[in-house]
Amino acid sequence: MKTPTTEETAAYIAEAGKQAWEVPGLPAGTPLREIKSVGIIGAGTMGGGIAMNFATAGYPVKIVETTKEALDRGLSVVRGNYQRSADKGRFPQEEVEARMGRFDGRLDIADLADCDLIIEAVFEDMGLKRKVFTELDAVVKKGAILATNTSALNIDEIAGMTQSPEDVIGLHFFSPANVMKLLEIVRAKHTADDVVATCMDLAKKINKIATLVGVCPGFVGNRILFARQKQANKLVYKGVMPWDVDAAFNAFGHKMGPFQMMDLAGLDIGWSKGAKTENPIRDALCEMDRRGQKTKAGYYDYDENRTPIPSNVTAGVIRDITDARPINMAEDEIIETCIYPMINEGVKILEENKAQRPSDIDVVWLNGYGWPADKGGPMYYGDMVGAQAVLDRMEKLGAEDPEFAPAETLRKLAATGGKFTEIDTGGLKV
């Protein structure tokens, strides 16, 4: 393993951040659409957080909910967030009222007819999103940008609900959206150049770090996360305890491992009572009302300070479902098993032209998922360990599960001694 100096890594991260703003193929001087007002559909955690970015930057925001109760609840959470920031001295107290004064709560999508940009932040369900975009198509003014905050769904299908798919784009904010810096801007098949240029420009105005990515399940960040999560779950089925997996990630430099992160997000995301998903352990925990930190129990038990404590209950559930005896696995092996597939998935994303450049993948993981800065991002870390080491591990994992077969470009890098950060497959193509 070649260990770069701290200065080399910092220089790489700075250059990666700068390059992420550059969109090859976008004509210089592409005119921007004027964004004077913003509409948000959904005042839940995501919608409220997204709306805060715009209100903070001075934009008037119309926010739509289906009931007055949901709207009032959402706006009250926003006010609470602003109030806490003011109490901590981040801005003057009078700024709370100024920002809240930019919100206009509504109960009808038709009230967004005059907005220049509309962002949908409803539940992650294709049927619901198709319905919302069909309704939007009937009321919005010509030239309005229609954005979806989906974290994984097919934006081409969502855009197909409108008469103007060239106006549709993905704006994937990360939760909590008022705090997290990353914004994945997802260019769909028909998205117009001026819509891309406007959204990249807008990201700067609302103080985000943007990467332009293409449409595929999970886009760049979550697609790589799904690969990691599948391997983490496979380890549990072999008898490695969730807290041992997390401990290896914590030692690697992640503040949260895969299971700590799931508990924080809520185990019931994408789950409903009685559901049988691909993750029976998660299903069983949810049925027991162990849904993560919010219920004071998930994979872990939590005390009043939300400190995660390894749980005998969870250990019992795992034993019942997997029949696996608990085993000890070296931290290095846990890391290789979970992190090398992330690098391999990054290579596949580049092969499929769903990212502009390897360093954009690192920008996504550094700013959206807490990747440790001293390891530069998954592609940069791939160069630290070398393509041959990644290939050797992927050959083993691919033999167990064809989904994790090594990418062709990975084989080429190993054969030629090439670098992950220098992969050039032609950039982003739609």
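Bear in mind that the values here come from a model prediction, so they are computed numbers and not experimental data.

We now examine the overall build of the protein chain. Counting its secondary structure elements, the protein chain contains 17 helices and ten strands. Counting only C-alpha atoms and orienting by the principal axes, one finds that the protein chain spans roughly 60 × 50 × 45 Å. Buried residues in the protein chain amount to 54% of all 430 residues. For the protein chain, restricting intrachain contacts to residue pairs at least 6 apart in sequence, the fraction spanning at least 24 positions comes to 69%. For the protein chain, the separation between the mean place of its 51 positive charges and that of its 62 negative charges on side chains is 2 Å.

Examined against the element boundaries, Ser85 turns out to sit in helix α3 (residues 68-87). Setting aside residues no more than four positions away along its own chain, Ser85 makes contact with Arg90 and Phe91.

A word on the UniProt feature "domain: 3-hydroxyacyl-CoA dehydrogenase NAD binding" (unreviewed entry) in the protein chain. The UniProt record marks residues 38-213 with the feature "domain: 3-hydroxyacyl-CoA dehydrogenase NAD binding" (unreviewed entry), using the residue numbering of this structure. The annotated region residues 38-213 carries 40% helix and 21% strand content, and the separation between its end C-alpha atoms amounts to 23 Å.

What follows deals with the side chain of Gln229. Mapped onto the fold, Gln229 is located in helix α8 (residues 221-238). Setting aside anything within four residues of it in sequence, one finds Gln229 in contact with Pro258, Phe259 and Met262.

So, about the UniProt feature "domain: 3-hydroxyacyl-CoA dehydrogenase C-terminal" (unreviewed entry) in the protein chain. Feature annotation in UniProt places "domain: 3-hydroxyacyl-CoA dehydrogenase C-terminal" (unreviewed entry) on residues 218-302 and 336-417, given in this structure's numbering. Between the first and last C-alpha atoms of residues 336-417 the distance is 19 Å; the span itself is 71% helix and 0% strand.

Overall, the coordinates contain twelve aromatic pairs when judged by the stated rule. On the numbers, 5.9 Å between centres and 80° between planes, the contact of Phe54 with Tyr59 is edge-to-face. This pair shows no difference in class: Phe54 is buried, exactly as Tyr59 is. Over the ring of Phe91 we find Arg99; its NZ or CZ atom is 3.9 Å from the centre of that ring. Positioned above the aromatic ring of Trp21, the side-chain terminus of Lys204 is 4.7 Å from the ring centre.

Glancing now at the pairing of strand β6 (residues 168-173). Here β6 lies mainly inside the structure; six of its six residues are buried. With burial as the criterion, each face of β6 is covered, one bearing Val168, Gly170 and His172 and the other bearing Ile169, Leu171 and Phe173. Looking at chain direction, strand β5 (residues 145-148) and β6 are connected through three bridges and run parallel. Its bridge partner lying in β6, Ala147 is registered against Ile169.

A word on unusual backbone geometry. At the junction of Ser175 and Pro176, the peptide bond is cis and its omega measures out at -5° in the coordinates. Inspection of the secondary structure puts Pro176 in the loop between β6 and β7 (182-187). In this model, Asn207 sits at a positive phi of 65°, which is unusual for a non-glycine residue. For Asn207, the location among the structural elements is in the loop between α7 (193-205) and β8 (209-214).

Attention now moves to the nonpolar core. Core analysis: the biggest nonpolar cluster contains 91 residues, and Leu136, Ile339, Tyr381 and Phe420 have the highest contact counts within it. With ten residues, helix α13 (residues 331-351) is the largest single contributor of residues to this core. Setting aside residues no more than four positions away along its own chain, Tyr381 makes contact with Met1, Phe252, Ile335, Ile339, Tyr340, Ile343, Trp371 and Lys375. Core analysis: the second largest hydrophobic core is formed by 46 residues, Met100, Phe173, Ile185 and Val196 among them.

As a further point, take the sheet that holds β7. Here eight strands make up an open sheet; going across it, the order is β3-β2-β1-β4-β5-β6-β7-β8 and the pairing mixed. With one partner strand each, in any of the chains shown, β3 (103-106) and β8 form the two edges of the open sheet. This sheet shows a mean twist of 25° between the axes of neighbouring strands, independent of strand direction. The strands touched by helix α5 (residues 126-139) within the sheet are β1 (38-41), β4 (117-120), β5 and β6, with β5 carrying the most contacts at an inclination of about 170°. Against the sheet, helix α14 (residues 358-368) makes contact with β7 and β8, and its axis sits at roughly 130° relative to β8, the strand it touches most.

About the thresholds
- For every chain, the first residue of the written sequence is number 1, and numbering continues from 1 onward in sequence order.
- Local features in a predicted model are, by the rule used here, given only for residues with pLDDT of at least 70; side-chain atom pairs are given and counted only at 80 or more, and totals for whole chains, interfaces and linings are based on all residues.
- Excluded from the side-chain calculation are hydrogens and water; included are all heavy atoms of the structure.
- What counts as a helix is a DSSP run of H or I of at least four residues, what counts as a strand is a run of E of at least two, and both are numbered from the N terminus.
- Relative accessibility decides the category of a residue: with a 1.4 Å probe and only protein chains considered, values under 20% of the type maximum give buried, values over 50% give exposed, and everything between is partly exposed.
- Note on contacts: a residue pair qualifies if any of its non-hydrogen atoms lie within 4.5 Å across the two residues.
- In this tally Asp and Glu are treated as negative and Lys and Arg as positive; neither His nor the chain ends contributes.
- Charged groups are reduced to one reference atom each: NZ for lysine, CZ for arginine, CG for aspartic acid, CD for glutamic acid.
- UniProt positions are given in the numbering used here, feature names are shortened, and annotations may be inferred rather than shown by experiment.
- Working definition: a ring pair exists when centres of Phe, Tyr or Trp rings (six-membered ring for Trp) sit within 6.5 Å. Plane angles under 30 degrees give stacked, over 60 give edge-to-face, the rest tilted.
- Both a distance and an angle decide whether a charge sits over a ring: NZ of Lys or CZ of Arg must be within 6 Å of the ring centre and within 35 degrees of the ring normal.
- Pairing between strands requires that DSSP locate at least two bridges from one strand to the other.
- Nonpolar core, defined: a set of buried Ala, Val, Leu, Ile, Met, Phe, Trp, Tyr and Cys residues in which side-chain atoms within 4.5 Å join the residues together.
- Axes here mean lines fitted to C-alpha atoms, for a helix over just the part in contact, with angles spanning 0 to 180 degrees between N-to-C directions.

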